Structures are given as C-alpha cells and as structure tokens.
Amino acid sequence: MGPALGARRGGRERDAAVIRPRRLSVQLILWFTAIALVPLSIVTISAYLASKSALQDQVTTGLYAIARRQADQLATYVREREQNVATLSRAPGTIDALDDLGRAFAEGARPDQAPDMLGRQYRPFLSYYQAAFGYDDLALVLPDGRVVFSAQGRVPAGASLRADPHRRTALGLTFDRIRTLLDIDISDFAPSGEGDVAAYLGAPVLGRNRFLGVVVVRLNTDEIRKILSDHTGLGETGETLLNRRIDDNAVITVPLRRGPDAPFTRRVPLGSSFGLPEQRSVQGSRGEGDAIDYQNRPVLAVWRYVPALGAGLVVKIDTDEAYAPIRHLTLLAIVLAGTTVALVVVAARSLAGSIARPVVALTDATSRIAEGDLTRRVEVAATNEIGQ
C-alpha cells in the first residue's frame with residue numbers, strides 16, 4: 001500500500017508541476033496586458049478630452065466670429081437707414097411738402113386732394129428717393145396722424161395713424177413714439193397685413209420753427225434675410241436665427257434653414273427645457289455652449305442681444321456635425337488600442353513561454369529526482385539565471 005500511495009502522490013505532484021507553469025503563463029499574459037493597457041487608456045482618454053475641448057473652442061470661436069460679423073452687419077444696416085431717413089427729414093423738399101400740405105389741410109383741403117397737390121411738385125422727388133434707396137414705401141404724416149402721402153399707396157391718403165385700425169400697428173406705434181419723443185425711431189419686425197414681415201423707420205420733420213410732421217419708410221427686409229441666410233462656415237446644419245420676445249415666448253422672426261415654418265410661426269415658451277439659446281438671446285444675455293435648440297436637437301450655439309433691432313441673435317450648428325472629427329478620432333483610437341492589445345498578447349505569450357518552459361523542465365526534473373531517478377538531466381537553452 002505504501003508504494004501505491006507514493007506513486008499516487010508523485011503523480012499528483014507531477015500534475016501540479018505541469019499546471020503551475022500554465023497558470024504562470026496566464027498570469028504573465030494578464031500582467032503584461034494590464035501594464036500596456038493602463039497607460040494606453042490614460043493617454044487615449046486624455047487625448048480624446050483634450051481634442052474635444054480644443055475642437056469645441058475652435059468651433060465656438062468660429063460661431064462667435066459669425067455672430068459678431070452678422071450683428072455688426074445688422075447694426076450697420078440700421079445705422080445707415082437711420083442716417084438716410086434723418087437726411088430725408090431735413091431735406092428742403094420734405095419740409096416744404098409737409099408745410100404746404102399742413103397749411104392746405106388747415107385751410108379746409110380734403111385728404112383726397114393731397115396726391116394732386118404733391119404730384120405737381122413733390123411726388124417725383126419723394127418717389128425717386130423711395131425707389132433709389134430700396135424702401136418698400138415712403139409716407140408723410142401730419143402731426144395729427146393723417147397720412148398725406150404714400151409712395152406705394154400702402155396706407156391711403158387721409159387715413160389716421162392715431163385711430164383704428166392703424167393705431168396699434170407697427171406703423172402707428174412708430175409714429176406715436178416719434179411724435180412724442182421727436183427723435184428717430186424704428187419699429188420691431190412684425191407680420192404685416194399683406195402676408196410678409198415689415199418694419200418701419202421714421203424721423204420727425206422740423207422746420208419753420210415748428211414740428212411739421214413725420215417721414216416714415218417701410219424697410220425692405222430682403223437685405224436682413226440676405227445677411228442672416230449667409231451660412232458660410234456653418235456646414236450643413238448650421239443657421240442663424242433672429243428672435244423677438246412676444247409676451248412670454250421667444251419667436252423666431254426669420255425663415256428657417258430646415259423646415260417649412262414661416263417667420264413668426266415658431267415659438268419657444270420662456271422657461272421651457274428646449275430652445276435655451278433662443279430664450280436667453282431675447283432675455284438680453286450673451287453666452288455659448290452645448291444646448292438643446294427649438295427642434296429639441298443638441299447643438300453648439302452662441303447667442304447675443306442686438307440692441308439696434310431689439311432682437312436676439314443665435315448662431316448654432318448641430319453637435320453631430322460639430323464633433324464629427326472627434327468621432328473619427330475615437331474610432332482611430334479604438335483601432336489602435338485593439339492592435340496594441342493584440343501585439344501585447346502575442347508578445348506576452350512569447351515572453352511567458354520563454355520563462356515558463358525552463359521552469360516546467362526544472363519542476364519536472366526535480367519531481368523525478370525526488371522519486372529517486374538520479375539519472376534525470378535538465379536541458380535548458382536559456383542564457384539567463386535560469387539557464388545557469
């Protein structure tokens with residue numbers, strides 16, 4: 001029984017000797033892989049975060065440049081029109097026209113006689129001015145609110161801007177502010193009764209040491225649309241929005257790049273969880289960052305308030321497009337990491353084998369010598385400490 005027990009014990013020891021090196025090989029492979037992956041992961045994550053931050057800064061800087069350029073263009077557009085209308089209000093032809101018409105009406109002339117009176121002397125000058133500077137219309141209004149001239153006839157002669165239905169319109173409100181403050185004023189852009197968007201700009205006409213009336217022009221919004229529809233630098237999904245606060249809503253006042261919505265039909269309730277750039281722009285704030293737009297899409301946006309128009313400006317681009325280079329970088333990092341892991345595993349298996357095979361041979365020889373086989377020799381080709 002003793003020899004049999006010894007044989008079984010010797011067999012178990014030989015089996016253990018064979019198992020240990022295999023476990024050692026696995027441990028070496030795991031350790032080498034971990035040693036390679038930890039710094040690789042740190043470098044990859046750091047590079048990803050740094051690249052994303054740099055790309056976000058680059059895109060945001062570009063959006064800021066676009067917003068600043070368009071805001072400056074809008075301000076320049078308004079300033080040039082204000083200077084133009086101020087010049088018109090001081091023109092002798094404008095002063096004479098309002099003075100003559102005012103005296104004629106005071107003497108009992110009928111409103112329908114105004115076109116005939118103007119036609120003899122002033123209509124050519126005023127109509128030329130309206131057409132030359134691209135205004136949709138040009139009107140002269142007496143201090144009591146009566147319209148005495150309209151180049152395109154959008155407001156009939158004799159209509160009163162201080163009575164319904166014109167009193168609460170953009171034209172009526174603009175006239176009232178000019179009449180009260182005796183200063184240049186511009187209305188908000190708003191839907192007109194003709195199915196388009198209109199804005200009015202006017203100035204008081206002072207002459208003969210008194211207030212003679214108001215000259216008002218209806219601005220052509222095509223120029224503003226042209227400024228805002230310039231999508232240079234905005235890729236396939238970027239756009240510029242001009243927003244107004246109406247009641248408790250941020251209302252988009254320009255056509256959308258994507259979608260059929262007409263101006264003034266898309267509204268974002270203030271305080272809602274989407275359309276944050278639009279909301280903040282009409283509240284007078286200025287900022288940038290990742291946000292959810294009016295379509296519930298994640299975007300990278302910048303926003304600011306444009307005092308010249310009393311509106312908020314938003315320049316934005318979808319994050320999918322803005323961060324597309326980051327996705328390519330991430331895919332490349334995954335491919336490189338996978339290739340590195342494969343190479344590390346192959347190298348680790350080779351290195352583990354070169355260490356484990358001599359250990360296996362030595363362990364097997366030791367077991368046989370312990371069993372009494374003193375003729376057993378160990379052939380180890382290694383030139384390191386194990387081979388010695």
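Please refer to the structure placed before this passage.
Since we're looking at a predicted model, the values are computed, not measured.

Overview of the nonpolar core
Leu-63, Leu-138, Leu-140, Leu-219 and Leu-242 are the most contacted members of the largest nonpolar core, which has 68 residues in total. With 11 residues, the single largest contributor to this core is helix α1 (residues 2-90). Those residues in contact with Leu-242, other than ones at most four positions away along the chain, are Leu-74, Leu-228, Val-251, Ile-252, Thr-253, Val-254, Leu-309, Ala-311, Gly-312 and Leu-313. The next biggest cluster of nonpolar side chains, apart from the first, holds 12 residues, and it includes Val-155, Phe-175, Tyr-200 and Val-214.

A look at the layout of surface pockets
Taken as a whole, the second largest pocket holds about 210 Å³ of empty space. Lining the second largest pocket, in full, are Leu-40, Val-43, Thr-44, Ala-47, Tyr-48, Leu-329, Thr-330, Leu-332, Ala-333, Ile-334, Leu-336 and Ala-337. Elements that contribute at least two residues to the lining of the second largest pocket include exactly α1 and α9 (324-370). With seven residues, the single largest contributor to the lining of the second largest pocket is α9. Considering only residue class, the lining of the second largest pocket consists of 10 nonpolar, two polar and no charged.

Notes on the sheet that holds strand β9 (residues 249-252)
Reading across the sheet, the six strands line up as β10-β9-β8-β13-β12-β11 and stay open at both edges, with antiparallel pairing between neighbours. In this open sheet, the two edge strands, each paired with only one partner strand, are β10 (267-269) and β11 (287-292). Within the sheet, the average angular offset between the axes of one strand and its neighbour, ignoring direction, is 30°. Two strands pair when backbone bridges link them, and strand β8 (residues 239-246) and strand β13 (residues 311-318) are joined in this way by five bridges, in the antiparallel orientation. Along β13, the bridge assignment pairs Leu-242 with Leu-313.

Some remarks on the sheet that holds strand β7 (residues 210-218)
As a general point, the strands of a sheet are linked pairwise by backbone hydrogen bonds and lie either parallel or antiparallel. With respect to topology, five strands assemble into an open sheet ordered β2-β1-β7-β6-β3, the strand pairing being antiparallel. Two strands in the sheet have a free side with no partner beyond their single neighbour: β2 (147-150) and β3 (185-186). Where strand β1 (residues 137-141) lies against β7, five bridges are found, and the strand directions are antiparallel. Of the residues in β7, the one forming a bridge with Ala-139 is Val-216. Strand contacts of helix α5 (residues 170-181): β1, β3, β6 (200-207) and β7, with the helix running at about 35° to β6, the strand carrying the most contacts.

Describing the packing of aromatic side chains
Under the counting rule described, the total for this entry stands at three aromatic pairs. With 4.7 Å between their ring centres and 35° between their planes, Tyr-129 and Phe-133 make a pair best called tilted. The class for Tyr-129 is buried, based on a relative accessible area of 11%. Ring pairing ties together the aromatic residues Phe-125, Tyr-129, Phe-133 and Tyr-135, which thus form one cluster.

Focus on the pattern of salt bridges
Counted according to the given criterion, the structure contains 18 salt bridges. Among the salt bridges present, the one from Arg-208 reaches Asp-99, with a minimum N-O distance of 3.2 Å. Pair noted here: Arg-208 is in the loop between β6 and β7 and Asp-99 is in helix α2 (residues 92-106), with a separation of 109 residues, a long-range link. Residue Arg-208 is classed as partly exposed on the basis of its relative accessible area, which comes to 46%. You can call Asp-99 buried: its relative accessible area is 6%. A salt bridge links Arg-210 to Asp-99; its shortest N-O distance comes to 2.5 Å. Of this pair, Arg-210 sits in strand β7 while Asp-99 sits in helix α2; the two residues are 111 residues apart in sequence, bridging distant segments of the chain. Overlapping salt bridges bring together Asp-96, Asp-99, Asp-100, Arg-103, Arg-208 and Arg-210 as one network.

Conventions we followed
Residues numbered from 1 in each chain as written. Predicted model: local features only at pLDDT ≥ 70, side-chain atom pairs only at ≥ 80, totals over all residues. Heavy atoms only, no water. Core = buried A, V, L, I, M, F, W, Y, C linked by side-chain atoms within 4.5 Å. Buried < 20%, exposed > 50% of the residue type's maximum accessible area, 1.4 Å probe, protein only. Helix = DSSP H or I, 4+ residues; strand = E, 2+ residues; numbered from the N terminus. Contact = heavy atoms within 4.5 Å. 1 Å grid on protein atoms, 1.4 Å probe; cavity = no way out; pocket = protein on both sides within 12 Å on 5 of 7 lines; lining within 4 Å. Points joined across faces, edges and corners; volume = space filled by probe spheres on them. Nonpolar A, V, L, I, M, F, W, Y, C, P; charged D, E, K, R; others polar. Pairing = 2+ DSSP bridges. Axes fitted to C-alpha atoms, helices over the stretch in contact; angles between N-to-C directions. Phe/Tyr/Trp six-rings, centres within 6.5 Å; stacked < 30°, edge-to-face > 60°. Salt bridge = Lys/Arg side-chain N within 4 Å of Asp/Glu carboxyl O.

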